[in-house]
Amino acid sequence: MIETMRFALAEGWASLRAVKVRTWSMIVAAVVVVYVVLTFVLPHVISTDSTRSRHWETPLPSVVLGLIEGVAYGLLGVGLVLVYRTNRIINFAHGQIGAFAAAFFGVEVIKWHIPYWVSLPLALALAGGVGALSEAVVIRRLRKAPLVMSVVATLGLGQLLVGLGFLINNQAGAGAKFPSPPGMPTFRVGARLVTPSNFALLTLGPLVVIAIGAFLRFSRVGVALRGSAANPEAARMAGIFASRMSSLAWAIAGALAGFSAILTAPDIGYQSASSFGPSLLLRALFGAVLARMFNMPLALFWGAVLGVIEALLHWNFNHASFVEVVLFVIIVIALLAQRRLSGRGEEKGSWASVQALAPVPKALRELWLVRNLGRTIAVVAVAFLFLLPVSGLIDNTDAVTLTGDFAFVIVGLSVGVITGLAGQLSLGQFAIASIGAVVSYQVAYRTGSYLESFFYAGIAAAVVSVVIGLPALRIKGLLLTVTTLAFALVVPNWLLQQPWMLGTSGVDPGRPVIAHHALNTGKDYYYFGLAIVAVALLLARNIRAGGLGRLLIAVRDNEDAARAFTVPAALVKLQGFALAGFIAGLGGALYGHSLSSVGSSSFPVDVSTQVVVMAVVGGLSILSGPILGVLFVFVLPQFGHLDSLGLVATNFGLLIIIMYLPGGLATILGRVRDRIFRAIGRRAGIDVEAAYLAEASSGAADEDTGAPARAPLTVAPRHRALPGPVLEADGLVKSFGGIRAVRGVSLAVNAGETLGLIGPNGAGKTTTFELIAGFIRADAGTVRFRGTDVTHLSAEARGREGLIRSFQDAALFPTLTVLECVQLAMEKRDPTRMLTSVSGWTRAEKRKEAQARELVSWMGLDRYRSAQVQALSTGTRRIAEIACLVGLEPEVLLLDEPAAGVAQKETEALGALLVQLKAQLDLTLVIIEHDIPLVMDLSDRIVCMADGEVIAAGPPDIVRTDPRVVESYLGGDITAIERSGARRATGPSRRTKPAVALAGSAS
């Protein structure tokens, strides 16, 4: 078992060695750039009165101080890297786990009088246990949910640990009282006093990292842990319990956090677990990000470098908060400089777990009350909120408080767009909202037009949101949270304090004046806030219900498939960032004008994380989720007057909701809704149970309209065929690290031809498809389509030209319905415009829906029209994928294993369908397929690959019996590669099984 994992790790190390020189070159370059910026740039951009000297100074005491603090940052970064490598998430409770152990340690030594060196291993064991328990109870519970849910769960866990740490130790943790390690020396370096805890951290910290590295590299358990982190599936096949290894990684990371917290607490003035919150976490993330969330020694190194940089910045400049600015800039540059990630997403289908509302059967949707129940509840809620001030239930103070909650609802709506629809976790939405507040104040102060000020507030916030979202265009995963967290710290600590923003003392924002009526009272402003909430809800509703929402979900669910559908993924992401920022800007403007004085302290970083938790707790999948979240996260503590124990209980409740209700409180609302619908249906005489059973069994409630129509589909006019091949690949080469996946592959496809591409697993077939379709860049070689070199075109651009590809898994977009997927395919000829979609203009959407319904009916998929793709069987999903490919109107279609996962008795129907589509749509096909009889029947020519090279090409009968082809498969036995026996004499064009049979029988 271990030898298997050692071999896998050896291969990975071989790949890493290929880029080792580049990595160290980047490190040297980064150090040089940092030095140049600190020495020559900053002294000229910072005003003279804010600098100690025009000359950069590096006093030894400051370097020693920075190195000590940097080792603490590095140790925390090492723990973050270890967790990320294991679970691909960023543990935002990392610092709080250590701080909780430090609080317990203080009680051990000070209250219980247990010796220091006896208490230390007990506290570290507690930190490791909390880390392991967090993984086993919280993270493992959310393993099928999107990764952002696990990250948000760690936010909730951190808040819970803050409260628990305060309960167990609210006094013994004070910096002056916190115990220092006995037996360690105390000495001075210049004016700097090196305390026992400083010396222990500086000497023991690197030793701890070396010990962990040796454990991971040389011990059997360590090798198993690394192998499990690199490839969990392979680890399970080797007999390694990946879940246990994950818990072990969290335990080691927790112990590291505890070690750092205990040794830094005496000097940083530790008061509670909140001292180890976002600011310290950002410093730990600095080293982890520069280490690419992979290399633990590099994380320690960059943490130490950061400590020195921070100390020298404090010495040379009077801007105490300027460190966050430098961190933000370096992190953004580091993320933008990282190699752009490609390949398939890792979370296909995971977003289905946060869907709070189940589909409603067609029989019930026809009832007026069912269709309009949501609107009825909304009208009642608005009427209640409208009458609340005049009813006497709230006074002006309460009205101002509720108006602030309205602002949180609006910012929560922006989280629903950027996270719920776009799948990008942003921890800076409240900081973006603060930009809206500042701009609204500035515009209103200069023009007196408050409505205009709100509009410009949204525009400014949208621009900022796009800028800080740029790293998400290059990197997949959760690293955008690092950028947004840095931004959330920079804004209140530095940006808002600038004289051209709000200054250090804040400003009076003034209450809006609407139609010459000043909204001076809290109740007057309450009604204005209610109107702004209505506008934000309308915008968010239009985004969710329109084509733009479908595009955002498609990119979130399966970015590569969306690009294959010609969706400009980068542009769609930017549009999502812009719209989320615009909505957040409205919320910030509303919040700013509700305050008597708005300043940097009005937008603390903790509220940014609370807003995210609020949106998740309410429910990311529905429009009203932020409203439910505000009630639980903000209104309950505000009006419930909770003490410390009550707040701990509330935080525990938040964590429980995230763990057991990934769809949020909206899940409970959905269950109540279903009960109401059932009662309404029974009163109307509908067999409700039969309707829901039909919904569950078929995946949709729409009626089956029978066999598909046979009328030819409308096809866009083709480009006039040019002499020569329609598609050419010449000398394609692609390497991944030290592995050469494709080695000089050349092939040509003539118009109207079907070319089969065969070969054993690992032959490079799919990589060749990726190169031809533009999903990865070739190291060498060219691709020509219709005689034009398209080598440097993106996948989307090649798709718009008519070069379309499919994927092996046919995953499509798991949370979209079949009809929505086909509508998405219509984007090629009728793209969604952002402004028309946001405005609620539905003419184009109705046109695309009509076309999609026609195609769905032609493919025999009416029964599954309203079914989510993730609920379909493999065979039905394959037919849905082909329907989408037809909607894309391809000229050349690259099919990657279309029969994979389809039962053999349906393979003939699939072949017949492909032949029929090729004839009616005038297609050219290139097919990767392991079903040899199928691909031999379909193809005019066959190309066989092995080890990244073409080993045979020609007519099917000749290639099939070529000794090199037979040998490349299982030991030269031709019967072993024939999935259904010898090649059939009847060609696919003579098969009579209707295409609809595949969809029907596969269900």
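Heads up: these notes are all about the structure in this document.

Scoring rules and cut-offs
- Residues numbered from 1 in each chain as written.
- Predicted model: local features only at pLDDT ≥ 70, side-chain atom pairs only at ≥ 80, totals over all residues.
- Heavy atoms only, no water.
- Helix = DSSP H or I, 4+ residues; strand = E, 2+ residues; numbered from the N terminus.
- Buried < 20%, exposed > 50% of the residue type's maximum accessible area, 1.4 Å probe, protein only.
- Contact = heavy atoms within 4.5 Å.
- Areas by Shrake-Rupley, 256 points an atom, 1.4 Å probe, with all protein chains shown as cover.
- Expected span 1.5 Å × (residues − 1).
- Pairing = 2+ DSSP bridges.
- Axes fitted to C-alpha atoms, helices over the stretch in contact; angles between N-to-C directions.
- Core = buried A, V, L, I, M, F, W, Y, C linked by side-chain atoms within 4.5 Å.

**Observations concerning the overall build of the protein chain**
Part 1 of the argument: Within the protein chain one finds 39 helices and 14 strands.
Part 2 of the argument: Residues classed as buried in the protein chain amount to 58% of the 1003 residues present.
Part 3 of the argument: Of the contacts formed within the protein chain by residues at least 6 apart in sequence, a portion of 79% connects residues at least 24 apart.
Part 4 of the argument: Summed over its atoms, the accessible surface of the protein chain is roughly 40100 Å², and 62% of this surface lies on carbon and sulfur atoms.

**Describing helix 17 (residues 429-447)**
Part 1 of the argument: Relative to the 27 Å expected for 19 residues at 1.5 Å per residue, helix 17 spans 27 Å between its end C-alpha atoms, a close match to the ideal helical length.
Part 2 of the argument: Counting buried residues in helix 17 gives 16 out of 19 residues, a clear majority hidden from the surface.
Part 3 of the argument: Downstream of helix 17 by a residue or two, Gly448 has a phi angle that is positive, lying close to 80 degrees.

**Notes on the pairing of strand 7 (residues 754-758)**
Part 1 of the argument: For strand 7, the buried fraction is high: five of the five residues fall into the buried class.
Part 2 of the argument: Side chains of strand 7 alternate between two faces, with Thr754, Gly756 and Ile758 and Leu755 and Leu757 buried alike.
Part 3 of the argument: In the sheet, strand 7 pairs with strand 12 (residues 924-928) via four bridges, with the strands oriented parallel. When the bridges of strand 12 are listed, Leu755 appears paired with Val926.
Part 4 of the argument: Sheet analysis places strand 7 next to strand 13 (residues 941-946), joined by four bridges and oriented parallel. When the sheet's bridge partners are listed, Leu755 is paired in strand 13 with Arg941.

**Some thoughts on the sheet that holds strand 14 (residues 949-954)**
Part 1 of the argument: One open sheet holds the six strands; their spatial order is 10-11-12-7-13-14, and the pairing between them is mixed. Single-partner strands in this sheet number two, and they are strand 10 (803-805) and strand 14. Geometrically, the sheet is characterised by an average inter-axis angle of 15 degrees between neighbouring strands, direction not taken into account.
Part 2 of the argument: Together, strand 7, strand 10, strand 11 (892-896), strand 12 and strand 13 form the strand contacts of helix 29 (residues 765-773), whose direction differs from that of strand 11 by roughly 150 degrees.

**A short note on the nonpolar core**
Part 1 of the argument: Leu727 and Phe813 are the most contacted members of the largest nonpolar core, which has 291 residues in total.
Part 2 of the argument: Apart from residues lying up to four places away in sequence, Leu727 is in contact with Leu747, Ala748, Val749, Ile772, Val783, Arg784, Phe785, Leu803, Val892 and Leu894.
Part 3 of the argument: Grouped together as the second largest cluster of nonpolar side chains are eleven residues, Val935, Cys944, Ala952 and Val965 included.

Read these as geometric descriptors, not functional statements.
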